[in-house]
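For reference, the chains in residue letters:
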2 protein chains.
Amino acid sequence: MTSKINHRYILFLIGFMLTGVICFAQSEVVEDFKPSSVNQPGKQFPQVNSERRVRVSIAAPEANLVQLDIGGVKYDLTKDNNGVWTGESAPQDEGFHYYQLNIDGASVPDPGSKYFYGAGRWGSGIEIPAHDREFYALKDVPHGLVSERVYFSKITQVWRQCLVYTPPCYENDNAKRYPVLYLQHGSFEDETGWSAQGHASLILDNLIAEKKAVPMIIVMDNGYAYKPQNLENADRRGRPASAFEEVMITEIIPMIDTEFRTLKDREHRAIAGLSMGANQTMRIIMNNLDVFASYGGFSGTSNYPSADDIDVNTFLGGKFKDGEALSKQIKVFWLGLGTKEPDPFPGSVGAFRNMLDNIGLDHVYYESPGTAHEWLTWRRSLKEYAALLFK
Amino acid sequence: MTSKINHRYILFLIGFMLTGVICFAQSEVVEDFKPSSVNQPGKQFPQVNSERRVRVSIAAPEANLVQLDIGGVKYDLTKDNNGVWTGESAPQDEGFHYYQLNIDGASVPDPGSKYFYGAGRWGSGIEIPAHDREFYALKDVPHGLVSERVYFSKITQVWRQCLVYTPPCYENDNAKRYPVLYLQHGSFEDETGWSAQGHASLILDNLIAEKKAVPMIIVMDNGYAYKPQNLENADRRGRPASAFEEVMITEIIPMIDTEFRTLKDREHRAIAGLSMGANQTMRIIMNNLDVFASYGGFSGTSNYPSADDIDVNTFLGGKFKDGEALSKQIKVFWLGLGTKEPDPFPGSVGAFRNMLDNIGLDHVYYESPGTAHEWLTWRRSLKEYAALLFK
């Protein structure tokens, strides 16, 4: 009897596996592709279908091999009789992804998409419509402004650019002052990321319209900042020492407090960042608790990339030693992570949370369902975090 | 004697021609190339040399033919042993040019350059340093803000974007109000052109710092605007009727006058545009002399592309019939053109100027030396025009 069942079970398993193989081999692409929402005006490709596949198409009549390069995988395209290459990716996570085309070995932007700065280059991006995309949709609600401010940084001796979101009501009352969130991008991104890919302004416009967030100013600057002497002295194998904290504290904040109608006390300043920016901004707030009262770490902590237990006596120079004192000083301590983020993020964020529990510092922890180390995780993080600030 | 001279002359001519051929064949490219000022961060190519040649370089190991496509000419690149293709253009005019790469028949952006919207696509641009580039250089003077404003247009039933420059002093005095220049882009460009390629904000920052221009607000919107029913009814061979004038008069100006501290009378409103925008804005001011008092036409007029004599009784519905009345109403009527602009621009602008002379309407005419139908002509035009406004 046992043997019979095992037999049947094995046959079932073989049958299941064969069906799987056949299904995979025959798997049809669902033909409901639509142009991506971040295409250039009038461009029909790239497209996205209901399975969340990306289809690209480009004329390259003399090419030998054209590929779509997305999510770390290169997909060969197929050439038609007119010399147009077309093909699609496997289903992608919902949200925003960087990608490029590969034409006979040349890695280039897709001429159909708009371009975004990330992965260390201006290049193609695509939006896979998320089930919860309404929170960053462009809606018929009052809209704030995003302003570009160029300034010369004496510390780094270069011109830098800062993007500043002012809420919808900002221009209506010339006497009212606002709290400020300083919001930082991640590695190989720049000050444009939170505005273009992150939709920070739309997220806040929508939260403010629904009265879920306090109207606030958001300052988005560039996290890469180096003193000339440090650039010269940099170890050839490593990065030069960052001067970003000094630029933030002594150049950016005074400029913002002069040029915008801000509330200038620590209770009305928050700081947050994603990935590298989470690490940077954690160091900045812990060194400057007189300047900021709230912290948001989106997919990152300052113990990155380690998942080891944290020794509070040595970590960040002992800044987390006194949990009781920190509990009184910090109004919001917020951490977020996507459920699909790869190592070492879950491990290092997990170790950091254990440390917070050990010192008795309350924090909010959010998990973005079904997203990896990408912008939908951070859009959702901003929405959750901003709703808690300045209350 | 005559014969002898002719002989010598002919020999001289032959010698001169041979020298010319040899010089051309041997012509060396001057090896003082430097990365373009509008490269992506850290990118070494494209480059420009003192002869104003553009050199590009891209790895495409499997490609058969890679070309640089600039100024209407395609230059073949040469492949080295590492699969990197490199080559340069003939000398270009000083100023800003759009360009692209051609890889085995695929026309794509150069992954080394920043991207600009023009020629109907987001794509590569390059800056050939102009001898007079100081007037649009980023200098240590007070800088204004460029703000992005999204708004829903009821007329066109789509979301649109407006860029607004506010002068450096704007945030300092919350009571002061400012005159406004409405500034339009050309064909196949958009509202980002004047800010990114045109350097409108830097030009005004510099003029204001030198007290050569009155501090003013500049509004840059998108000149393409269509009512849904006109899009549906459009002749398949032609463009739908433009709704831009209606959008400008009934949506954009009221929004700007509500949200910014503007001076709201016609004496404190000017309008200008380049190429298609010159044509559009001329029609707008002539239909709305109660709204605007000054006009600037950069490389364009509303009789374009005709070089024929203009009949003032029929042209623009007779709006130019009464030169004496117009002379009292219009404070600045300004026209500009590059000396290297191709037909039909010189002919149509010339015919238009003749008409102005015939009706006795004073105008300022400016020629940009050594530039064609490109952005350096328009940067110079803005500098000259803005200095005359609101005085």
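This one's a predicted model, so the numbers in the text were calculated from it and none came from an experiment.

Moving on: the domain arrangement of chain A. All names here are of chain A. Considered domain by domain, chain A is made up of domain 1 (34-129) and domain 2 (134-386). For domain 1 and domain 2, the distance between their C-alpha centroids amounts to 31 Å. The interface of domain 1 with domain 2 comprises 13 residues on the first partner and 16 residues on the second. Across the interface of domain 1 and domain 2, roughly 1100 Å² is buried in total on both sides, 46% from carbon and sulfur atoms. Considering only the side of domain 1, the residues that lose the most area to domain 2 are D93, F96 and Y117, jointly responsible for 41% of the buried surface there.

The subject of this paragraph is the side chain of E191 of chain B. All names here are of chain B. Within the secondary structure, E191 is located in the loop between β14 (180-184) and α2 (193-196). We note that E191 is buried and unpaired, the nearest opposite charge coming from R160 at a distance of 7.0 Å. A distance of 3.2 Å separates the side chain of E191 from the side chain of Q161, its partner in a polar contact. A distance of 3.0 Å separates polar atoms of two side chains, one belonging to E191 and the other to N222. Setting aside chain neighbours within four positions, we find E191 in contact with Q161, L163, H185, M220, D221 and N222.

What follows concerns the packing of aromatic side chains. On inspection of all chains with the given rule, the structure shows 45 aromatic pairs over all chains. Ring centres 6.0 Å apart and planes at 70° place the aromatic pair F315 of chain A and F352 of chain A in the edge-to-face group. Of this pair, F315 of chain A sits in the loop between β17 (294-298) and α7 (323-329) while F352 of chain A sits in helix α8 (residues 345-359), and the two are 37 residues apart along the sequence. Taken as a pair, F315 of chain A and F352 of chain A share a single burial class, namely buried. Look at Y295 of chain B and F333 of chain B: their rings are 5.0 Å apart centre to centre, the planes differ by 50°, and that puts the pair in the tilted class. Here Y295 of chain B, found in strand β17 (residues 294-298), pairs with F333 of chain B, found in strand β18 (residues 332-338); they are 38 residues apart in sequence, far enough to count as distant. The pair formed by Y295 of chain B and F333 of chain B is uniform in burial state, with each residue classed as buried. The structure contains a cluster of three or more aromatic residues connected by ring pairs, namely W194, F298, W334, Y366, W375, W378 and Y385 of chain A. A cation over a ring is seen here: K383 of chain B above F135 of chain B, with NZ or CZ 5.0 Å from the ring centre.

So, about the environment of R266 of chain B. Residues and elements named next belong to chain B. Among the structural elements, R266 can be located in the loop between α5 (244-259) and β16 (269-274). Residues R266 and S36 lie 230 residues apart in sequence; the distance between their C-alpha atoms is 42 Å. Other than its neighbours up to four places away in sequence, R266 contacts L289, D290, V291, F292, A293, Q329 and I330. A distance of 3.4 Å separates the side chain of R266 from the backbone oxygen of F292, its partner in a polar contact.

We now examine α8 of chain A. Residues and elements named next belong to chain A. For α8, spanning 15 residues, the distance from its first C-alpha to its last is 21 Å, which sits close to the expected 21 Å at 1.5 Å a residue. Among the residues of α8, those classed as buried are F345, S348, V349, A351, F352, M355, L356 and I359. Along α8, the residues classed as buried sweep out an arc of 155° about the axis, all on the same side. For α8, the elements touching its buried residues are α6 (276-287), α7, β18 (332-338) and β19 (364-368). Once α8 ends, the next one or two residues include G360, with phi positive near 75°.

Let's shift gears to the state of the cysteines. All names here are of chain A. Enumeration over the complete set of coordinates arrives at zero disulfides over all chains. C169 forms no disulfide, and the closest cysteine sulfur to it belongs to C162, at a distance of 19 Å. Among the residues examined, C169 registers a relative accessible area of 22% and is labelled partly exposed.

Tallying the contact residues gives 41 residues for chain A and 41 residues for chain B. Counting each side, the surface lost to burial between chain A and chain B is near 3400 Å², with a carbon and sulfur contribution of 60%. The tally of links from chain A across to chain B stands at zero salt bridges. For the pair chain A and chain B, the number of links is ten residue pairs in polar contact (both at pLDDT 80 or more). At the level of elements, β3 (54-59), β9 (106-108), β10 (115-118), β11 (121-128) and β12 (145-153) of chain A are the ones that each hand at least two residues to the side of chain A that touches chain B.

All right, on to the sheet that holds strand β7 (residues 84-88) of chain B then. Residue and element names in this part refer to chain B. Overall, antiparallel pairing links the five strands, which are arranged β1-β2-β3-β7-β6 in an open sheet. A strand with exactly one partner marks an edge of an open sheet, and here the two such strands are β1 (34-35) and β6 (78-79). With two bridges connecting them, β1 and strand β2 (residues 47-48) associate as antiparallel partners. Residue pairing in the sheet places P35 in a bridge with Q47 of β2.

Let us look at the environment of A386 of chain A. All names here are of chain A. Note that A386 resides in helix α9 (residues 375-386). Given a relative accessible area of 0%, A386 falls into the buried group. Taking C-alpha positions, A386 is 7.8 Å from L204, a pair spaced 182 residues apart along the chain. Excluding residues within four positions of it along the chain, A386 makes contact with L204, L207, A213 and M216.

Procedures and definitions
- Residues numbered from 1 in each chain as written.
- Chains lettered and ligands numbered in written order.
- Predicted model: local features only at pLDDT ≥ 70, side-chain atom pairs only at ≥ 80, totals over all residues.
- Heavy atoms only, no water.
- Domains from an automatic or database assignment.
- Contact = heavy atoms within 4.5 Å.
- Buried area = accessible area lost by both parts, 1.4 Å probe.
- Helix = DSSP H or I, 4+ residues; strand = E, 2+ residues; numbered from the N terminus.
- Buried < 20%, exposed > 50% of the residue type's maximum accessible area, 1.4 Å probe, protein only.
- Lys, Arg positive; Asp, Glu negative; His and termini not counted.
- Salt bridge = Lys/Arg side-chain N within 4 Å of Asp/Glu carboxyl O.
- Polar contact = N/O pair within 3.5 Å; in protein donor to acceptor, adjacent residues only side chain to side chain.
- Phe/Tyr/Trp six-rings, centres within 6.5 Å; stacked < 30°, edge-to-face > 60°.
- Lys NZ or Arg CZ within 6 Å of the ring centre and 35° of its normal.
- Expected span 1.5 Å × (residues − 1).
- Arc of directions from axis to C-beta.
- Disulfide = S-S within 2.5 Å.
- Pairing = 2+ DSSP bridges.

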